[in-house]
Amino acid sequence: MSTISDFNTAAQAGIDREHEVQLSLLRTLCQAVREQRDAGEVAHLLEQLSAYCEAHFVSEELIMRQHSFDEYEDHADDHCHMMDLLRVIAIDHATGNSSELKNITDEALAFIDNHISTRDKRFADFLHSAQ
Ligand SMILES: [Fe+2]
């Protein structure tokens, strides 16, 4: 029989997998920028990452709302900040600002890494305690 506990466990496993993919895509982008790879390849990686982040954040925020998560607003603000960083990255890439592009991609990686280990960890603990 399916229970709310089963749902929460499955939801958390899905979120954990998405975080791994998100970090992997961002690390790949950082590496491509550092190696000054072809502009088209960097643009493609950035599009992939942006689409993935957007879908992941919408999905995570939906689960938070379903559970009336008490830190929803602050958590969602972090997601907005990450999407802002991705838009700045796209502008720096489009304008050929390569030194700033490297800095901002590294900043985005540090930001999302910290977000996952703090705010996402807090949400995981919240889901676990709700079982
Ligand atoms: Fe998050």
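Residues numbered from 1 in each chain as written. Predicted model: local features only at pLDDT ≥ 70, side-chain atom pairs only at ≥ 80, totals over all residues.

(A) Examining the overall build of the protein chain more closely. When its secondary structure is counted, the protein chain shows four helices and zero strands. Listed N to C, the secondary structure of the protein chain is α-α-α-α in terms of helices and strands. For the protein chain, the spread of C-alpha atoms along the three principal axes comes to 55 × 25 × 20 Å. Relative to all contacts within the protein chain whose residues are 6 or more apart in sequence, the contacts with residues 24 or more apart total 67%. (Helix = DSSP H or I, 4+ residues; strand = E, 2+ residues; numbered from the N terminus. Contact = placed C-beta atoms within 7 Å.)

(B) Local environment of the nonpolar core. Formed by 14 residues in total, the largest nonpolar core has its most connected members in Leu29, Leu46, Leu49, Leu86 and Ala108. Those elements that place two or more of their residues in this core are helix 1 (4-34), helix 2 (39-66), helix 3 (72-94) and helix 4 (98-129). In contact with leucine 46, not counting residues within four places along its chain, are Leu29, Ile89, Ala90 and His93. (Core = buried A, V, L, I, M, F, W, Y, C linked by C-beta atoms within 7 Å. Buried ≥ 20, exposed ≤ 12 C-beta atoms within 10 Å, placed from the backbone.)

(C) Spatial organisation of the packing of helix 1 against helix 4. Two elements in contact, helix 1 and helix 4, have axes whose closest approach is 10 Å; the angle formed by their N-to-C orientations is 170°. On the basis of their axis angle, the class for helix 1 and helix 4 is roughly antiparallel. Residues Asn8, Ala11, Gln12, His19, Gln22, Leu23, Leu26, Arg27, Leu29, Cys30, Val33 and Arg34 of helix 1 form the contact with helix 4, whose own contacting residues are Leu101, Lys102, Thr105, Asp106, Ala108, Leu109, Ile112, Asp113, Ile116, Asp120, Ala124 and Leu127. Here the residues of the contact of helix 1 with helix 4 sort into 13 nonpolar, five polar and six charged. (Axes fitted to C-alpha atoms, helices over the stretch in contact; angles between N-to-C directions. Parallel < 35°, antiparallel > 145°, perpendicular 65-115°, else oblique. Nonpolar A, V, L, I, M, F, W, Y, C, P; charged D, E, K, R; others polar.)

(D) Layout of the packing of helix 2 against helix 3. Look at helix 2 against helix 3: their axes get within 11 Å of each other, and the N-to-C directions meet at 170°. When the axis of helix 2 is compared with that of helix 3, the two are roughly antiparallel. Touching Val42, Ala43, Leu46, Leu49, Ser50, Cys53, Glu54, Phe57, Glu61, Met64 and Arg65 of helix 2 are Tyr72, His75, Ala76, His79, Met82, Met83, Leu86, Ile89, Ala90 and His93, all from helix 3.

(E) Region of the structure containing helix 4. Look at helix 4: 45 Å from first C-alpha to last across 32 residues, which is about the 46 Å you get at 1.5 Å a residue. The principal kink in helix 4, of about 35°, is found at isoleucine 116. All of the buried residues in helix 4 are Leu101, Thr105, Ala108, Ile112, Phe123 and Leu127. Buried residues along helix 4 sit against helix 1, helix 2 and helix 3. (Expected span 1.5 Å × (residues − 1). Bend = angle between axes of the 7 residues up to and from the residue.)

(F) Here's a closer look at unusual backbone geometry. For glutamine 36, which is not glycine, the phi dihedral falls at a positive 50°. With respect to the secondary-structure elements, glutamine 36 resides in the loop between helix 1 and helix 2. Although it is not a glycine, serine 68 adopts a positive phi angle of roughly 50°. In this structure, serine 68 sits in the loop between helix 2 and helix 3. A tally of 9 C-beta atoms within 10 Å means that serine 68 is categorised as exposed.

(G) View of helix 1. Taking 1.5 Å of rise per residue, the 31 residues of helix 1 would be expected to cover 45 Å, and the 45 Å separating its terminal C-alpha atoms lies within 8% of that figure. Here helix 1 has its buried residues at Asn8, Gln22, Leu26, Leu29 and Val33. Tucked inside the fold, the buried residues of helix 1 contact helix 2 and helix 4. One or two residues past the end of helix 1 sits glutamine 36, with phi positive at roughly 50°.

(H) Layout of the environment of asparagine 114. Note that asparagine 114 resides in helix 4. Separated by 26 residues in the primary sequence, asparagine 114 and valine 88 have C-alpha atoms spaced 19 Å apart.

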